[in-house]
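Below are the chains, spelled out letter by letter.
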There are 2 protein chains.
Amino acid sequence: MESLLPILDAITPVDRSLEAKIRAHLDNLTKPVGSLGFLEDLAANYCLMTGNITPQLGKKRIVTFVGDHAVAAEGVSAYPSEVTPQMVYNMLAGGAAINVLTKHIGADLQVVDIGVANPLEGASGLLRRKVKAGTDNMSRGPAMTQEEAIQAILVGVELAHAAADDGVTLLGTGEMGIANTTPSSALYASLIPCPVIEVTGRGTGIDNTRLRHKIKVIERSLEVNANLLSDPLSTLAAVGGLEIAGICGLILAAAAKKLPVVVDGFISSAAALVAMRLSESVLDYLFFSHCSAEAGHRTFFERLGIRPILDLDLRLGEGTGAALAMHVIEGAVKIYNEMATFDSAGVSGKDN
Amino acid sequence: MESLLPILDAITPVDRSLEAKIRAHLDNLTKPVGSLGFLEDLAANYCLMTGNITPQLGKKRIVTFVGDHAVAAEGVSAYPSEVTPQMVYNMLAGGAAINVLTKHIGADLQVVDIGVANPLEGASGLLRRKVKAGTDNMSRGPAMTQEEAIQAILVGVELAHAAADDGVTLLGTGEMGIANTTPSSALYASLIPCPVIEVTGRGTGIDNTRLRHKIKVIERSLEVNANLLSDPLSTLAAVGGLEIAGICGLILAAAAKKLPVVVDGFISSAAALVAMRLSESVLDYLFFSHCSAEAGHRTFFERLGIRPILDLDLRLGEGTGAALAMHVIEGAVKIYNEMATFDSAGVSGKDN
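Description of the structure in this document. No experiment lies behind these values; they were computed from the predicted model shown.

The rules behind the values
Residues numbered from 1 in each chain as written. Chains lettered and ligands numbered in written order. Predicted model: local features only at pLDDT ≥ 70, side-chain atom pairs only at ≥ 80, totals over all residues. Heavy atoms only, no water. Helix = DSSP H or I, 4+ residues; strand = E, 2+ residues; numbered from the N terminus. Rg over C-alpha atoms; globule rule 2.2 N^0.38 Å. Contact = heavy atoms within 4.5 Å. Areas by Shrake-Rupley, 256 points an atom, 1.4 Å probe, with all protein chains shown as cover. Axes fitted to C-alpha atoms, helices over the stretch in contact; angles between N-to-C directions. Parallel < 35°, antiparallel > 145°, perpendicular 65-115°, else oblique. Left-handed = near helix turned anticlockwise from the far one by under 90°. Nonpolar A, V, L, I, M, F, W, Y, C, P; charged D, E, K, R; others polar. Buried < 20%, exposed > 50% of the residue type's maximum accessible area, 1.4 Å probe, protein only. Pairing = 2+ DSSP bridges.

To continue, consider the overall build of chain A. Of the regular secondary structure elements, chain A holds 14 helices and 6 strands. Computed over C-alpha atoms, the radius of gyration of chain A comes to 20 Å, within 12% of the 20 Å expected from 2.2 N^0.38 for 352 residues, which places it in the range of a compact globule. Structurally, chain A occupies a C-alpha span of about 70 × 45 × 40 Å along its principal axes. Intrachain contacts of chain A at a sequence separation of at least 6 include 75% that bridge at least 24 residues. Roughly 11500 Å² of accessible area belongs to chain A as shown, and the carbon and sulfur atoms make up 49% of that amount.

This is the structure we're talking about:
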């Protein structure tokens, strides 16, 4: 935990005293006041996050963390665990949805092995940061030790720092890992907190029987690890995942660097929730890209009073929702930066 | 009306027999079946619209029609009519929101004077297609003659044909014109049909007193023109607008050419409604970009059972929502075109 304290200490609330100036600029652009709705909020939040009322846009990057979950052996997913390494190779070859969408928006993609069971031989282009060859089965004991969770968080920290150094000004999260909605639901249930059934869905597409079974597996995981759920970090270790810990670290370090983060879907939001429980001010630096079709994501947004940007019934992960939302956020910041003002364009204001 | 019949006759329902093949391809991409949700529907609809199961993306274009409304003299808008020409100059100089967003998505922008009261001297880059120097005051009589409405529709037809000839494969609508939510609400009330109050909002930002007044002006307009509201074309002429008629023509001719159209906000949807009442099959060729913050737009979507792509509280028009949605649609089509299949990527399918 000591290794995380400097990062947590560096996360400070945004300076809300800038908001009046930011809003005055938005109101002076050649459009009716407030007529760009949520886009104006996105632009204002981007300014607040960076602490800059004349923000500059640089590179966009999505970091997709990949990890396995021994709890998959309990039959909680529609796909076998062998799909995790297969999808890594697919992403490295450019064939996955996230490849198409990062290319579409002009963003970099980093694929990170933070905990895949398979050794991923010959996977060229892969960022090799394996902390552990998949988590242990959380329905029988903790998924990770606290040390392993911290190590995975620090992988995310490293990649956030690298992004900042590389001139990234908008950073997206992504993940892939068969069965990873299961630990995510466990984290929501424990950290919101709320009943498991309210935050558990069909993942990649399980039927009713498997869904009932999945809920029982999650409930059992929370019981088995009950004495480890006293703080966010040990909860993450007990019922989380390596890719979730990596995203959590990415978010924490980005927030500490005032680098705006776009949180992808259900699993990334679970990581964001852990980060928010570790540091309340983290939320100031987050955009939530979309409301997933995974049952429970809407519960998360409602309980936390957060408005996601898109609502397209996505439930793929990888960073796909983050990619689409990053383009909207970038558009909002360009509106702020590039539109004419009433004065400069000689446009009349409102009637009195 | 005779001049429109060839276009109306050319609009045929999409060939739904292609859908099985399109869905089979989507289901064979390396992602859980259906996990890209509404994006998959957008891709499938794009294929159906073009009648092509291997669609090619070309240029994107937004056509922004500008017109004035003598009903503005009744005090229904927060801004004076002089803003219409000022905003035309602003758009031509690149300072408006639609300039920023078309540049952001890599689309062309055409700004069309179809009915601005001001002569717009020296407005270089403007497409000059003025049918009339603004509509007449619809609260005292018809806004246009039927001939004028047809002439304005034919301007839209011409520009849709030009877009198809120029290699545009995704066409967005846009508009600008002080007071143009007023005729739009009148069209909704008459063509949905429903009470005026359900489809009338604050436009650019009027207060409660002006909103009550605006509703009365619209109700009076529908009364004064009651004998002209028997068919969609004469309704458009009586209580519509020149830019609305232009958009209607653009939509009709694009549908006839199987060129997918992205409908912008409240005013563009009113034009789409007229087009849908002129030809039922038009709907097959339309994407609705967003649900506007303008009260009544949600009513329209609910009554017609249409799902808009975005919901960002936009209420600016110009084509701004269309621009953002075009990027999402383009991403969906790229997903369809560019992702690897399970076979090609060697990824395992679902467990049985």
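That covers the picture; the talk isn't over yet.
Two numbers describe how helix α5 (residues 97–105) of chain A lies on helix α13 (residues 320–338) of chain B: the axes approach to 9 Å, and their chain directions differ by 140 degrees. Taken together, the axis directions place α5 of chain A and α13 of chain B in an arrangement best described as oblique. Like other packed secondary-structure pairs, α5 of chain A and α13 of chain B cross with a definite hand, here right-handed. Counted together, Ala97, Val100, Leu101, Lys103, His104 and Ile105 of chain A of α5 of chain A and His327, Glu330, Gly331, Lys334, Ile335 and Glu338 of chain B of α13 of chain B form the full contact between these two elements. Grouping the amino acids of the contact of α5 of chain A with α13 of chain B by side-chain chemistry returns 5 nonpolar, 3 polar and 4 charged.

What follows covers the pairing of strand β4 (residues 168–176) of chain B. Residue and element names in this part refer to chain B. β4 sits mainly inside the fold: 9 of its 9 residues count as buried. Where strand β1 (residues 59–67) lies against β4, 8 bridges are found, and the strand directions are parallel. From the neighbouring strand, Thr64 faces β4, where its bridge partner is Gly174. As judged from the 2 bridges shared by β4 and strand β5 (residues 261–263), these two strands associate in the parallel manner. Paired with Leu171 across the bridge in β5 is Val261.

Remember that the coordinates give geometry; whether it matters functionally is a separate question.
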